[in-house]
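Each chain is listed here by its residues.
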Amino acid sequence: MLDGPLSRAELARRVELSAGSLTRLTKPMLESGLLVEVPGGPTDPRVGRPSQPLDIVPTSHHFVGVKLTSDTALGVLTTLRAEVIASEERPLPSHSPEEVADLVVELARSLSEGRPGITGIGVSVGGHVAGSGDVIHGDFLDWEDVSFQQLLAERTDAQVVVSNDVTAVTEAIHWFGAGRGISRFCLLTIGAGIGYGLVVHDKLVHTTEAGLGLIGHYPLDPNGPLCDRGHHGCASAMLTTDAITSQISTALGRPVRYDECLDLAKNGDPEARRIVGAAGHALGRLIAAASNFTMPEAVMLGGEGVQLAIIAQDELHAGLQQDRHPAAVPPPLILQDPSFTQWARGAAVIAIQTFVLGR
């Protein structure tokens, strides 16, 4: 699925099955259209004829991924390989879990219109989500102990799964993005919040504390602004889009959007340059901390605030070098698409994984 067409011999080796067992397992998948034989494989020396590698049919199943923010539901329809083929955005009618569940199912039906049906629906939420799909604490929806996965399951016949949003997008990068083939990498996201995901030995590191926003209060500047918990210069106080826009809006005496903040800094506005530069330096220090503790082969940087790394590139590298050993090689920094479509695609990937792995 992830590596393209594979011969039966290679598949049998990877899953540690005999050729006969693999044939018995794959036969119903071929008959159902989930798998297809691809011509032109290498010649099998035992029989003197070309083998026929097996590959999945990406359009044999479709999945819907929905990213919930404080005011919108962004949905995508994907294939089995997480290729986005349609997207749609709807405003939330309220924060009522029942009304949001109705909207998610309605959005899924709209996205899948004209197709035989959808196999799974994945929903990602900022906050602490239990393995059962219960939202223990929804940061941007004001939810506490909401059995959201159950609410969805009561409204659709499709398989449903609810996940923390950073967990979901980390898995999307791991399975279908820049993390494919990288055994050890971390993801840092900056935007409305600060997120962190870690893949080690080619597996996502799962923890019951995912979604608590622990890295959001990592100290970066003892002289920096205060966060809502009274920390000076933590990641949340330095790097969230609200933190940057509020500082620059106060300095300029007028409301300023995030994109405008970066444009002002790029064009040399002194106050914007100072604040954005300090944020870039703090981001470099955060990347250094993640690199020092987990020694990743690469650092992925995502979220809607990711353009900060470009506008404050010099300050970022200065902060990174400040907290790294002089002999340490800077980790490759791979910037991700900042659009919310990627978050919704991550939710779809969680649904794909649930279907493929049966978990």
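Cut-offs used in this document
- Residues numbered from 1 in each chain as written.
- Predicted model: local features only at pLDDT ≥ 70, side-chain atom pairs only at ≥ 80, totals over all residues.
- Heavy atoms only, no water.
- Pairing = 2+ DSSP bridges.
- Helix = DSSP H or I, 4+ residues; strand = E, 2+ residues; numbered from the N terminus.
- Axes fitted to C-alpha atoms, helices over the stretch in contact; angles between N-to-C directions.
- Contact = heavy atoms within 4.5 Å.
- Salt bridge = Lys/Arg side-chain N within 4 Å of Asp/Glu carboxyl O.
- Buried < 20%, exposed > 50% of the residue type's maximum accessible area, 1.4 Å probe, protein only.
- Core = buried A, V, L, I, M, F, W, Y, C linked by side-chain atoms within 4.5 Å.
- Parallel < 35°, antiparallel > 145°, perpendicular 65-115°, else oblique.
- Nonpolar A, V, L, I, M, F, W, Y, C, P; charged D, E, K, R; others polar.
- Phe/Tyr/Trp six-rings, centres within 6.5 Å; stacked < 30°, edge-to-face > 60°.
- Lys NZ or Arg CZ within 6 Å of the ring centre and 35° of its normal.

Details of the sheet that holds strand S5 (residues 63-68)
Within a sheet, neighbouring strands are paired by backbone hydrogen bonds and run either parallel or antiparallel to one another.
At step 1: Spatially, S7-S6-S5-S8-S12 is the arrangement adopted by the 5 strands of the open sheet, whose pairing is mixed. Edge positions in the sheet fall to strand S7 (84-91) and strand S12 (159-164), since each has one partner strand and no second. On average, each strand axis in the sheet is inclined to that of its neighbour by 20 degrees, with strand direction left out of account.
At step 2: Where strand S6 (residues 72-78) meets S7, 7 bridges bridge the pair, whose relative direction is antiparallel. Considered in S7, the bridge of Thr 72 is made with Pro 91.
At step 3: Lying on the sheet, helix H5 (residues 165-176) is in contact with S5, strand S8 (120-125) and S12; it crosses S12 at an angle near 105 degrees.
At step 4: The sheet contacts of helix H12 (residues 340-357) involve S5, S6, S7, S8 and S12, and relative to S5 the element is tilted by about 130 degrees.

What about the pattern of salt bridges?
At step 1: Within the structure shown, the criterion is met by 9 salt bridges.
At step 2: Residues Arg 90 and Glu 88 are paired through a salt bridge, measuring 2.8 Å at the closest nitrogen-oxygen approach.
At step 3: Here Arg 155 ties to Asp 102 by a salt bridge, and the two come within 2.6 Å at their closest N and O atoms. One end of the pair, Arg 155, is in the loop between helix H4 (148-153) and S12; the other, Asp 102, is in helix H3 (residues 97-111), and 53 residues separate them in sequence.
At step 4: Take Arg 155: its relative accessible area is 24%, and that puts it in the partly exposed class.
At step 5: We classify Asp 102 as partly exposed; its relative accessible area is 40%.
At step 6: One connected set of salt bridges, linked through shared partners, spans Glu 88, Arg 90 and Glu 106.

Re the nonpolar core
At step 1: Leu 239, Val 276, Leu 283 and Leu 308 are the most contacted members of the largest nonpolar core, which totals 37 residues.
At step 2: In terms of residue count, helix H9 (residues 270-294) provides more of this core than any other element does, 10 residues in total.
At step 3: Beyond its immediate stretch of four places on either side in the chain, Val 276 contacts Ile 244, Ile 248, Cys 261, Leu 262, Ala 265, Leu 308, Ile 311 and Ala 312.

Details of the packing of helix H8 (residues 258-266) against H9
At step 1: Interhelical geometry of H8 versus H9 gives an angle of 105 degrees and a closest axis separation of 7 Å. The pairing of H8 with H9 is recorded here as roughly perpendicular in orientation. Together, Cys 261, Leu 262, Leu 264 and Ala 265 of H8 and Ala 272, Arg 273 and Val 276 of H9 make up the contact between the two elements.
At step 2: In the contact of H8 with H9, the residues fall into 6 nonpolar, no polar and 1 charged.

Considering the sheet that holds strand S14 (residues 194-200)
At step 1: Taken together, the 5 strands give an open sheet; going across it, the order is S15-S14-S13-S16-S17, and neighbouring strands pair in mixed fashion. Pairing within the sheet leaves two strands with one partner each, and these edge strands are strand S15 (203-204) and strand S17 (333-335).
At step 2: With 3 bridges joining them, strand S16 (residues 298-302) and S17 adopt parallel strand pairing. Across the sheet, residue Met 300 finds its bridge partner in S17, namely Ile 334.
At step 3: Along the sheet, H5 contacts strand S13 (185-190), S14, S15 and S16; its crossing angle with S13, the most-contacted strand, is approximately 135 degrees.
At step 4: The sheet contacts of H9 involve S13, S14, S16 and S17, and relative to S13 the element is tilted by about 155 degrees.

What about the packing of aromatic side chains?
At step 1: A full pass over the atoms with the stated rule returns 3 aromatic pairs.
At step 2: On the basis of an interplanar angle of 55 degrees and a centroid distance of 5.8 Å, the ring pair of Phe 63 and Phe 355 is categorised as tilted. One end of the pair, Phe 63, is in strand S5; the other, Phe 355, is in helix H12, with 292 residues separating them in the sequence.
At step 3: For Phe 63, a relative accessible area of 0% corresponds to the buried category.
At step 4: Overall, the relative accessible area of 28% leaves Phe 355 in the partly exposed class.
At step 5: Above the plane of the ring of Trp 343 lies Lys 67, whose end atom (NZ or CZ) is 5.0 Å from the centre.

Remarks on unusual backbone geometry
At step 1: One non-glycine residue, Asp 145, lies in the positive phi region at around 50 degrees.
At step 2: Residue position: Asp 145 is located in strand S11 (residues 143-146).
At step 3: Look at Asp 202: it is not a glycine, yet its phi comes out positive at around 65 degrees.
At step 4: Relative to the elements of secondary structure, Asp 202 occurs in the loop between S14 and S15.

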